[in-house]
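Now for the letters of each chain:
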Amino acid sequence: FVDGLDVYFQPWWEGKTVPQAERRYLENTLECVQNHDDFDVLAHLTYISKCRCHPAPRPVPYEEHREVLDEILRVLAQKGKGLEMNTSGVDRCGDYLPPMEMVRRFRELGGEIVTIGSDAHQSRRVGQYSKEACEILKDIFGHVCTFEDRKPIFHKL
């Protein structure tokens, strides 16, 4: 929810261009990561890309939102928080959520903790595209993380 509206549904999109909707979503995400500490991993950084009522589904363009995205990633890295690479966007908007360039940027800004999620709401989607995501993360991080008792466990890829 952003500004009291669920970004998945039509009312969020009314009266906004796609870049405006993306920007406000990301600004809200930045506010959340700046003001909250009781989390381990930011999931769905670019969730808005795959929303059902998105008028033109696309991966959030890094260059259009560079400043706010870099600040989100910087805050996560500074706080020792992780970033999820969600595979559900591959067949819904054409890329991982967030796209590889943002995951790479997180690493450049000092991020170390990275996880993979498939956002499976159906059993056939459990782990979908995870093997491919691991290959990408192998090149960027060399590892992927799981958690036990809220402590990251680094698994070499």
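Refer to the structure presented above.
Residues numbered from 1 in each chain as written. Predicted model: local features only at pLDDT ≥ 70, side-chain atom pairs only at ≥ 80, totals over all residues. Heavy atoms only, no water.

Let us now look at helix α4 (residues 100-108). Among the residues of α4, those classed as buried are Met102, Val103, Arg105 and Phe106. Viewed end-on, α4 has its buried residues packed into an arc of 160 degrees, placing them on one side of the element. Buried residues along α4 sit in contact with α3 (66-79), β2 (82-86) and α5 (130-140). Residue Gly110 follows α4 closely and has a positive phi angle near 105 degrees. (Buried < 20%, exposed > 50% of the residue type's maximum accessible area, 1.4 Å probe, protein only. Helix = DSSP H or I, 4+ residues; strand = E, 2+ residues; numbered from the N terminus. Arc of directions from axis to C-beta. Contact = heavy atoms within 4.5 Å.)

A cis geometry characterises the amide bond from Leu97 onward to Pro98, with omega recorded as 0 degrees. Within the secondary structure, Pro98 sits in the loop between β2 and α4. Residues other than glycine seldom take positive phi values, yet His44 does so here, at roughly 60 degrees. Secondary-structure assignment places His44 in the loop between β1 (41-42) and α3. Unlike most non-glycine residues, Tyr129 shows phi in positive territory, near 65 degrees. Tracing the backbone through its elements, the reader meets Tyr129 in the loop between β3 (114-117) and α5. Residue Tyr129 is classed as partly exposed on the basis of its relative accessible area, which comes to 26%.

Turning our eyes to something else, we now look at the environment of Leu97. Assignment of secondary structure puts Leu97 in the loop between β2 and α4. For Leu97, a relative accessible area of 1% translates into the label buried. Not counting residues within four places of it along the chain, the set of residues in contact with Leu97 comprises Thr46, Ser49, Lys50, Glu84, Met85, Asn86, Ser88 and Gly89.

Here β2 lies mainly inside the structure; five of its five residues are buried. Across the two faces of β2 the burial is the same, with Gly82, Glu84 and Asn86 and Leu83 and Met85 all buried. Note that β1 and β2 share two bridges and pair parallel. From the neighbouring strand, Val41 faces β2, where its bridge partner is Gly82. Tracing the backbone out of β1, into α3 and back to the parallel element β2 gives a crossover that is right-handed. (Pairing = 2+ DSSP bridges. Right-handed = clockwise from strand over helix to strand, strands pointing away.)

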